[in-house]
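Residues per chain are reported as follows:
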Amino acid sequence: ILQFKTLEGKEGSPRHRKQSVGLLDFRESQQGTLVAEGMAPPQRILFPPENIYMDWQQRWRAGAGLHNSDNTCFLNSVLQCLTYTPPLANYLLSREHSRSCRQQGFCVMCRMENHVNTVLRSSGRVIYPSAVISVLTLIGEHFQLGMQEDAHEFLRYAIDAMQRACLSGISDLDTSSESTTIIHQIFGGFLRSRVTCSSCKVASDSYEAFLDIPLDIKVRELLSRIKAVALKTCNKKVAASKRFTIHRAPKVLTVCLKRFEDFTGGKIDKVVKYSNCLDLRPYMSQTDGEPLFYSLYAVLVHSGNSCDSGHYFCYTKVKSNFLPHTRKTCAEEDKL
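Residues numbered from 1 in each chain as written. Predicted model: local features only at pLDDT ≥ 70, side-chain atom pairs only at ≥ 80, totals over all residues. Heavy atoms only, no water.

Looking up the chain in an unreviewed UniProt entry gives the name USP domain-containing protein, with the organism given as Aquila chrysaetos chrysaetos.

A. Fine view of the overall build of the chain. If you tally the helices and strands in the chain, you get eleven helices and 14 strands. Taking all 336 residues of the chain together, 49% fall into the buried category. Considering only residue pairs separated by 6 or more positions, the chain has 66% of its internal contacts joining residues 24 or more positions apart. If you sum the accessible surface of the chain, you get close to 16,700 Å²; carbon and sulfur atoms cover 47% of it. (Helix = DSSP H or I, 4+ residues; strand = E, 2+ residues; numbered from the N terminus. Buried < 20%, exposed > 50% of the residue type's maximum accessible area, 1.4 Å probe, protein only. Contact = heavy atoms within 4.5 Å. Areas by Shrake-Rupley, 256 points an atom, 1.4 Å probe, with all protein chains shown as cover.)

B. Examining the pairing of strand E11 (residues 252-258) more closely. Within E11, six of the seven residues are buried, leaving the element largely enclosed by the surrounding structure. Here strand E8 (residues 213-216) pairs with E11 via four bridges, running parallel. By the bridge assignment, Leu215 is partnered in E11 with Leu257. (Pairing = 2+ DSSP bridges.)

C. Quick look at the pattern of salt bridges. Tallied over the full model, the rule gives four salt bridges. For Asp212, the salt bridge is made with Arg156, and the minimal N-O distance between the two is 3.5 Å. Placement of the pair is Asp212 in the loop between strand E7 (203-210) and E8 and Arg156 in helix H8 (residues 151-167), with a sequence separation of 56 residues. Among the residues examined, Asp212 registers a relative accessible area of 8% and is labelled buried. Of the charged contacts in the structure, one is a salt bridge between Asp205 and Arg194, with a shortest N-O distance of 2.7 Å. Of this pair, Asp205 sits in strand E7 while Arg194 sits in strand E6 (residues 189-197), placing them eleven residues apart in sequence. Since its relative accessible area comes to 30%, Asp205 is described here as partly exposed. (Salt bridge = Lys/Arg side-chain N within 4 Å of Asp/Glu carboxyl O.)

D. Broad picture of the side chain of Asn90. Mapped onto the elements of the fold, Asn90 is located in helix H3 (residues 86-93). With sequence-adjacent residues up to four places away left out, Asn90 is seen in contact with Tyr53, Asp55, Trp56 and Gln57.

E. Representation of the nonpolar core in the model. Core analysis: the biggest nonpolar cluster contains 55 residues, and Met109, Met112, Phe154, Ile182, Ile183 and Phe187 have the highest contact counts within it. When near neighbours in sequence (up to four residues on either side) are disregarded, Phe154 contacts Phe74, Leu75, Val78, Val132, Leu136, Ile139 and Phe143. The next biggest cluster of nonpolar side chains, apart from the first, holds 20 residues, and it includes Ile246, Val255, Ile268 and Leu278. (Core = buried A, V, L, I, M, F, W, Y, C linked by side-chain atoms within 4.5 Å.)

F. Quick peek at the environment of Leu88. By the element assignment, Leu88 lies in helix H3. Looking at Leu88, the relative accessible area reads 0%, which means it is buried. Separated by 34 residues in the primary sequence, Leu88 and Met54 have C-alpha atoms spaced 8.6 Å apart. If we ignore the near neighbours within four places in the chain, the residues touching Leu88 are Leu82, Ile183, Ile186 and Phe187.

G. Seen up close, the packing of helix H2 (residues 73-83) against H8. Where H2 meets H8, the closest approach of the two axes is 9 Å, and the angle between their N-to-C directions is 50°. Here H2 is positioned oblique relative to H8, judged by the angle of their axes. Crossing of H2 over H8 shows right-handed handedness. Taken together, the residues of H8 that come into contact with H2 (itself represented by Phe74, Leu75, Val78 and Leu82) are Ala151, Phe154, Leu155 and Met162. Looking at side-chain class alone, the contact of H2 with H8 contains eight nonpolar, no polar and no charged residues. (Axes fitted to C-alpha atoms, helices over the stretch in contact; angles between N-to-C directions. Parallel < 35°, antiparallel > 145°, perpendicular 65-115°, else oblique. Left-handed = near helix turned anticlockwise from the far one by under 90°. Nonpolar A, V, L, I, M, F, W, Y, C, P; charged D, E, K, R; others polar.)

H. Up close: the packing of aromatic side chains. Applying the stated criterion across every chain yields a total of six aromatic pairs. Taking the centre distance of 5.7 Å and the plane angle of 90° together, the rings of Phe74 and Phe154 count as edge-to-face. Placement of the pair is Phe74 in helix H2 and Phe154 in helix H8, with a sequence separation of 80 residues. There is no split in this pair, since Phe74 and Phe154 are both buried. (Phe/Tyr/Trp six-rings, centres within 6.5 Å; stacked < 30°, edge-to-face > 60°.)

This is how it looks when you write it as structure tokens:
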């Protein structure tokens, strides 16, 4: 699992608000909110985008390590990657969520808030992540302590649970409004699926929200694979091509390299090379314009020969000297 964050920082000035989202294919709606071309504007903004800070707002040393017991490496690795995701950590460290939480009983956002505050305030120590482990089955009822579990699956369940927590107590929301939570604004984006008739060349678009992108490493292209599909158009059944592109990019891009075979459970040991910097522009629906740079800050690794056994560990960047910025090149980012 690779996690990248956009190099577009937050500025307080309104003139930077459009750039702060890091999406160059956006336009301003009449209501002053940001919407992507082809998508309806949200009827309600659940979290102000200008309050999301992409860089650390305080100086922190590397926090506590996590004690691994009962095969919890899958969970520990994910928690460490999330803890060092600056926009999420900034929000949780502020304790803004717990001050306004309306949930009765279990709330995964409150648990994550407690965990991140404990880890980053316990530098040099090793702790047991009890705040999260004690509610593991509430995050995903099939997760069991002592069992070998999949880190990507836990990441998806954890982020989905945080998204639901942000929507708790709020009803009658349209899809676009649901994507304005703090979680979806950090991790979420939209894919565009474009089906093009090979005969008349008419294109039909549909959009789907995502919180991470599983990537087939057997195919070299990122989100640009074209496959034949059956389509009724021109009053007859003809061949068509289908292409996925990123229509709205997230602030934090999570890419999962699919190393496990779907049927055999074997592991694909193909070498995948990647740099600290990713230009997402070639994979956007709108490929014209300036580069859309992302900087790699976390890598979660599986060590082992199959999906049934092995060990998870992660690498994260810990930068204690971050200051707010509007934009850095990848070269400037790597020097920090």
